[in-house]
Protein chains: 2
Amino acid sequence: MDKVQLYINDNKERFINELFDILRIPSISAQSEHKEDMVRCAEHLAVALMKAGADHAEVLPTAGNPVVFGERKISDTAKTVLIYGHYDVMPVDPRSEWTTEPFEPQIKDGRIWGRGADDDKGQLFMHIKAFEAMCATDSLPCNVKFMLEGEEEIGSAHLYDFCEQNKAMLAADIILVSDTSMISMDIPSITCGLRGLTYMEIEVTGPNKDLHSGIFGGAVANPANVLTRIVASLIDQQGHITIPHFYDKVRELTDAERKAFNKAPFSLEAYKSSLDVADIEGEEGYTTIERTGIRPSLDVNGIWGGYTEEGTKTVIPSRAHAKISMRLVPNQDFNEIADLFASHIKAIAPSSVKIDVKFLHGGAPYVAPTDMPAYKAAERAIEEVFGNKPLPYYSGGSIPIISGFERILGIKSLLLGFGLAEDAIHSPNESYGLVQFERGLQTIPLFYKYFAEA
Amino acid sequence: MDKVQLYINDNKERFINELFDILRIPSISAQSEHKEDMVRCAEHLAVALMKAGADHAEVLPTAGNPVVFGERKISDTAKTVLIYGHYDVMPVDPRSEWTTEPFEPQIKDGRIWGRGADDDKGQLFMHIKAFEAMCATDSLPCNVKFMLEGEEEIGSAHLYDFCEQNKAMLAADIILVSDTSMISMDIPSITCGLRGLTYMEIEVTGPNKDLHSGIFGGAVANPANVLTRIVASLIDQQGHITIPHFYDKVRELTDAERKAFNKAPFSLEAYKSSLDVADIEGEEGYTTIERTGIRPSLDVNGIWGGYTEEGTKTVIPSRAHAKISMRLVPNQDFNEIADLFASHIKAIAPSSVKIDVKFLHGGAPYVAPTDMPAYKAAERAIEEVFGNKPLPYYSGGSIPIISGFERILGIKSLLLGFGLAEDAIHSPNESYGLVQFERGLQTIPLFYKYFAEA
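Residues numbered from 1 in each chain as written. Chains lettered and ligands numbered in written order. Predicted model: local features only at pLDDT ≥ 70, side-chain atom pairs only at ≥ 80, totals over all residues.

A. Up close: unusual backbone geometry. A cis amide bond links Asp-93 of chain A with the next residue in sequence, Pro-94 of chain A, at an omega value of -5 degrees. Within the secondary structure, Pro-94 of chain A sits in the loop between β3 (80-86) and β4 (106-108). Asp-119 of chain B connects to Asp-120 of chain B through a cis peptide bond whose omega is 0 degrees. Turning to its location among the elements, Asp-120 of chain B is positioned in the loop between β5 (111-113) and α3 (121-136). Positive phi values are uncommon outside glycine, yet Asp-138 of chain B reaches one of about 55 degrees. Within the secondary structure, Asp-138 of chain B sits in the loop between α3 and β6 (143-149). One non-glycine residue, His-245 of chain B, lies in positive phi territory at about 70 degrees. Structurally, His-245 of chain B is set in the loop between α5 (223-232) and α6 (255-261). (Helix = DSSP H or I, 4+ residues; strand = E, 2+ residues; numbered from the N terminus.)

B. Here's a closer look at the interface of chain B and chain A. Contacts between chain B and chain A engage 83 residues on the former and 83 residues on the latter. A per-element tally of the side of chain B that touches chain A places strand β11 (residues 297-306) of chain B first, with 9 residues. The residue inventory of the side of chain B that touches chain A, partitioned by class, reads 32 nonpolar, 34 polar and 17 charged. In the sheet, strand β11 (residues 297-306) of chain A pairs with β11 of chain B via 5 bridges, with the strands oriented antiparallel. (Contact = placed C-beta atoms within 7 Å. Nonpolar A, V, L, I, M, F, W, Y, C, P; charged D, E, K, R; others polar. Pairing = 2+ DSSP bridges.)

C. Region of interest: the packing of helix α1 (residues 3-23) of chain B against helix α12 (residues 434-453) of chain B. Residue and element names in this part refer to chain B. Put simply, α1 and α12 touch, their axes get as near as 10 Å, and they point 155 degrees apart. By the angle class used here, α1 and α12 are roughly antiparallel. Relative to α12, α1 is oriented so that their crossing is right-handed. Packed against α1, whose contacting residues are Val-4, Gln-5, Ile-8 and Lys-12, the element α12 presents Glu-438, Leu-441, Gln-442 and Pro-445 at the interface. A breakdown of the residues in the contact of α1 with α12 according to their chemical character gives 4 nonpolar, 2 polar and 2 charged. (Axes fitted to C-alpha atoms, helices over the stretch in contact; angles between N-to-C directions. Parallel < 35°, antiparallel > 145°, perpendicular 65-115°, else oblique. Left-handed = near helix turned anticlockwise from the far one by under 90°.)

D. Looking closely at the sheet that holds strand β5 (residues 111-113) of chain A. Residues and elements named next belong to chain A. Strand order in the open sheet made by the 3 strands is β4-β5-β18, with antiparallel pairing throughout. Each edge of the open sheet carries a strand with a single partner, namely β4 and β18 (431-433). Shown here is a sheet whose adjacent strand axes are inclined to one another by a mean of 30 degrees, direction ignored. The sheet contact formed by β5 and β18 spans 3 bridges and is antiparallel. For Ile-112, the partnering residue across the bridge sits in β18 and is Tyr-432. Across the face of the sheet, helix α12 (residues 434-453) comes into contact with β5 and β18 while running at roughly 60 degrees to β18.

The quantities given are spatial measurements derived from coordinates; they are silent on function.
Below is the structure:
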């Protein structure tokens, strides 16, 4: 064990305690009541970067939540690694399904439980602590920059401008991101593809007030019924999305590509049993791995209208709403898809209701090349820690800003994530395995080492 | 003006103040947190009956909310009128749309504003005060019984048993009910038909927890999407309900009946403009009056699932729900319809989800004959007060217990309601016009007089 690994080993209990302080801050970017928590979390992280060994670190304002920037420069000639992470977390509802307090982290069954334990506080904190270990042992082989944002879960709206305005400050050879998952601890993987995202909200308004469903039932358009018709019609019986021109730019993979793609280990029985579903559902003609990796999708993320409490209320609601997001694959443009969606919804809405369609956020898909030096360095580091060479993996998830980095800063990202499906990110009872945290800590300094040598 | 009308005129300000005391009690039967308010409201009404002139009045327990029973007997030979009303009210959500406090009644623009102002506290209170006026002036021409329940808005579940167990106590020549509306103050009407009701709740369960919509989107059944498919399929493009055998027992009216039925004054333009809708929607081949009066309907009363708060959450919800009610017409059996609904939903649900279908409450349709003495007496009383002969009217609403009374007690009901569409019952900003309240007070004693003479 070298001195970096020894340092990590000697300090890992303290690292967990420090992570807990960050997990306790309810930095939910989607809810404006947490505005102050966002600032508090950013300030906390700037201090953490300074303590870890940064030359300087600061909380930089944006039109939204602030960005934490910090750096340490070792030389003009060394390579520069820009760490990107996000300190904002998802909302915690349904609150009642949590078995621990979401913002009172605890360790149980070898895992850290709490909102953000994995996504992304747990993962970004490994980078701060790996950086500390390299600084403390005088082993840092690269220049390091940190850019930690507070709006990833709501689309990174203000980070694009931030990048435009700080290109020189953010200059780097690679952007290193731990905000993704591996197939398993035995089958490590590096994420090479991310889907894009277009997130929309529909409001259907019928009568100008809630109506008595007896007196009016059958004679007026019920906006909740109309909403179900509209939403149901967006996917046909073959699982295809029916929005005109939705698939126009989707690249069909060749048979050879599909064959390679389907080599990733996958058990449908294990998948179904882990979700407790008797059957799956998706686009006809594609495997489950393809459905999430290379095919776009459309999901209702939320739907509401009328009386939703205990008991009964015989009402025709005045309004009904749905939040609907689409995952996009390479070549699909999220703004174009938003326009296609809005036009289609308006075109199919009956004249008996008014329709409002809002674009909430979006991001482009991303593909990482497996032949770049950073990928090779990561592959070597992972193999050394995990004992197995990582597979390239196409995730169904989205990190919208990643393609933005490439466009604005001209820098590729390496998606070196240590999450697992069981971490239940975005769900109640999010957790992060201690073994994942430790292996991440071990892998990151090795990545620096091999990347510096490359 | 006779002495009864004089008494009413002299005391009407006090009557309003007394009504306000009742409106202040938040007796929402659908919400269990109001359990004690139900009892408080019942006790308040029993006292009010005693003060009005009842020989005795009491709060009688049921397995649910109590029933207030009171009576005054003038002779063995006089006819007996049984007043039925309900002291429970609808929930007040969406709370934010109320412009006054729902349980702080006030008078504004010649109307009483507050939950229950019309339905049914305002209407039942006219009966208590008309009774008081007749008692106080020694003019009561009939025996009177009051039966005021606290579960009408949730289906009168325990009143059926109460009637079964108290047949002798409830014996009467007519049941008099003010819980319906008139066409307008200029076109008074008596409700001769009520639709029945079957109220159901569907729960669709997909994966065992909320999932990340990126990682899983496109590969698993999203219960919210599935729910929209199921609900949308329940009504076809012609506005027909698609549940097999749903229409089997619906009686088609003859051309002559339909012609007579459509004689009631109706302006589609005024209807649309009062609801602020550009178009209406309903079953093909029927007029608006027919769609609510003689045809069954199916409405989503509530729908919910996933993330419904501010901003975005990229989640596939584990569960999605809908409350759906169907209005029924003569010969349709509400239990049978509940079974048909549940079987159909289960039959069309895909194997990728689990489905739970619950029956929440129901009631049979009702038709009142226009040739019975009570109808004739009401017709004469209304004509005298309103200046116009009332039209027979078929309401789209339901009072499930009314058909129960006929079945269990063998007594017909007279639906002598003084509501108006603008009262917005079940909606935010419920109100009841002072002129409606006064005309009701004037009409009721005349009804007693003519009914006693008949």
